[in-house]
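# Structure at a glance
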Amino acid sequence: MNEIDVLTVFIEEGYQISPEAVDLICSHCSPKELVAYILENIDLSVLVIDLEHINLEGFSDMPSVREETFKSSSGLSSQNGSVKNDYDNSYQILSSSADASSNICYSNSPVSVLSDITDNSTCVGEYMEFVQFFRNRYSRISDIIRGRINARPIESLKMGKRANLRGTKEAGEVSVIGMISEIKSTSNGHKMLEVEDPTGSFSVLIRMADKDLYEQASHLVLDEVVGFTGKLTNDGKLMIVQKIILPDLPNTTIKKSRTTGKAILTSDIHIGSSTFLEEPWERFLDFLNGDTDNEALAAIAKEVRYLLVAGDLVDGVGIYPGQEHELSILDVYDQYKKAAEYFRRVPSHIHIIISPGNHDAVRQAEPQPKLPEIIRADFPENVTFVGNPSIVDLDGVKVLLYHGRSIDDLVAAVPGVSYADPTKAMVEMMKFRHLSPTYGSRVSIAPEKKDHFVIGNVPDILHCGHVHTVGVEWYKNVLLINSGTWQDQTEFQKRVNVVPTPSQVPVVDLATLKTTILKFDE
Ligand code: D5M
Ligand code: FE
Ligand code: ZN
């Protein structure tokens, strides 16, 4: 169903509908059914249907939209795997206290795909598509910022430059919201930024002496949408910034999920690479099957309902120069065949979700669609393939999956953000409400009509991979997880000093969102 189809249905039924509501319906995996559900349940007094009238949770509770029901299996025996619990208690549960004799049977693990570019890609990379793409980003993020600014806006950035406001009452505090098009340092060490909106561009200056502001400004990267308030210089050509306003997450209260059980988050398996850690991976598969004599692990295994893979399922071919010397499986289809073999060994009651990364066999430009049918066909029925990024609802818990290529850009641009501490980059994504702002750097961006990297609706969990280091952190009640890797350090990573933390998997309790890291390295 496209936008016009959705609009037509609602108009014929006598309703108006907001563009955001149309977007949400179009990006849903079952738009027709969702439209029928909204029309059936809408309060008759509503004239204009908006996001608040779309009850996705109620919709996903309907039996017809659940993708599959799965029966629990698993018999317990032998050993392997260990529980790591040296993380902060606020997100770490002590698994050894788990009740190994509990007999939970999760027969139903529904997944709703709330947002995914797959089958909705329209772009061919023309100039006007880029204009539309950046306008979409600007309008959605500036709307969030606008509500947080009191100062009078400069009417038009072009006008701002021309206006001579010297000595007038107008010389008070003013504001601009713009996309950052240039970041420079002046000869005196101040930061000078050029910001753009649809009317033109304007220069803003952050003085080195304003220490907190200057530190905040050092986190800004190109193409982010940010608000500034401050005073204009006498000639009206420059703003001296007094406050930086980010689209940052609201201070929401933590959402108590109505669901139970556990989700395992992983990524960067790199099947086919000669540094793929097959033995720990085998131990992990044994654990999923309850094949362990560690009681705490056995108890966790019984509760697993979901397994999420955030990209780099295989190592691929031709991804970097000389890769052929570091492959154990040379053909990419054979790599996926091996992957499918492994995933067929995951108990069928566990619902698996797989999204692609930069090593997978889909287009490199992001957003990436899900893996093609020729590859999907070998995988078992309990796998749902989605694009990168995508948003999935796991029985009431919303997870934003993004492989995380933009972390390379953030590590390069933002002081304090490193590969060793990947969740710091994910905090930046949340503060700027954007997964991958900078165009023309490491991430190649496909200019779709809608900027799929804008973080509009706030997820419960942001799950990334790519950097091969595990990290768990809370930011304003959103759980940020980087899920590590199953690949040992490569020659290339040695050269660029990337030190992976392989064979570790975060396990999230869906009721509390508390997270445990399981280690399978010995
Ligand atoms: O990326 C695995 C890790 O290696 C990730 O932390 C980035 C780093 N990496 C990968 N390619 C490069 C280049 N070209 N320069 C610097 N760092 C890089 P993966 O996607 O698994 O290869
Ligand atoms: Fe990777
Ligand atoms: Zn990657």
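Scroll up to find the structure.
Residues numbered from 1 in each chain as written. Chains lettered and ligands numbered in written order. Predicted model: local features only at pLDDT ≥ 70, side-chain atom pairs only at ≥ 80, totals over all residues. Heavy atoms only, no water.

## As for the sheet that holds strand E20 (residues 470-475)
- Taken in spatial order, the six strands of this open sheet run E5-E17-E18-E19-E21-E20, and their pairing is mixed. Pairing within the sheet leaves two strands with one partner each, and these edge strands are strand E5 (111-116) and E20. On average, each strand axis in the sheet is tilted by 20 degrees relative to the strand beside it, whichever way the strands run.
- Of the pairings in the sheet, the one linking strand E19 (residues 461-464) to strand E21 (residues 478-483) comprises four bridges and is parallel in character. Counted as the bridge partner of cysteine 464 is asparagine 482 from E21.
- In this fold helix H13 (residues 422-431) packs onto strand E18 (397-402), E19, E20 and E21, with an angle of close to 35 degrees to the strand it touches most, E20. (Pairing = 2+ DSSP bridges. Helix = DSSP H or I, 4+ residues; strand = E, 2+ residues; numbered from the N terminus. Axes fitted to C-alpha atoms, helices over the stretch in contact; angles between N-to-C directions. Contact = heavy atoms within 4.5 Å.)

## Describing the coordination of the zinc ion (ligand 3)
- Note on the zinc ion (ligand 3): its protein donors are Asp312 (OD), Asn358 (OD1), His403 (NE2) and His466 (ND1). The metal-donor distances range over 2.2 to 2.3 Å.
- Going along the chain, you hit the donors of the zinc ion (ligand 3) in the pattern D-x45-N-x44-H-x62-H.
- Here the zinc ion (ligand 3) and the iron ion (ligand 2) are spaced 3.2 Å apart, linked through aspartate 312, which binds each one. Residue aspartate 312 is located in the loop between strand E14 (304-310) and helix H10 (332-344), and its partner histidine 403 is located in the loop between E18 and helix H12 (406-413); the two are separated by 91 residues in the primary sequence. Of the two residues, aspartate 312 and histidine 403, neither departs from the other in class, the shared state being buried. (Donors = N, O, S within 2.8 Å, 3.2 Å for Na, K, Ca; no water. Buried < 20%, exposed > 50% of the residue type's maximum accessible area, 1.4 Å probe, protein only.)

## Considering unusual backbone geometry
- Between glutamate 366 and proline 367 the backbone carries a cis peptide bond, its omega angle lying at 5 degrees.
- On the secondary structure map, proline 367 appears in the loop between strand E15 (351-355) and helix H11 (373-376).
- A cis amide bond links asparagine 388 with the next residue in sequence, proline 389, at an omega value of 0 degrees.
- Within the secondary structure layout, proline 389 lies in the loop between strand E16 (383-385) and strand E17 (390-394).
- A positive phi angle, close to 60 degrees, is found at histidine 270, a residue other than glycine.
- Here histidine 270 lies in the loop between strand E12 (262-266) and helix H8 (278-288).

## Focus on H8
- All of the buried residues in H8 are Pro280, Trp281, Arg283, Phe284, Leu285, Phe287 and Leu288.
- Of the residues one or two after H8, glycine 290 is the one with positive phi, at around 75 degrees.

## A few points about the packing of H12 against H13
- Where H12 contacts H13, the axes come no closer than 10 Å and their chain directions differ by 95 degrees. Taken together, the axes of H12 and H13 are roughly perpendicular relative to one another. Where H12 approaches H13, its residues Ser406, Ile407 and Leu410 are matched on the opposing element by Ala425, Glu428 and Met429.
- Along the lines of polarity and charge, the residues of the contact of H12 with H13 split into four nonpolar, one polar and one charged. (Parallel < 35°, antiparallel > 145°, perpendicular 65-115°, else oblique. Nonpolar A, V, L, I, M, F, W, Y, C, P; charged D, E, K, R; others polar.)

Fair warning: the whole summary comes from geometry, so function is off the table for now.
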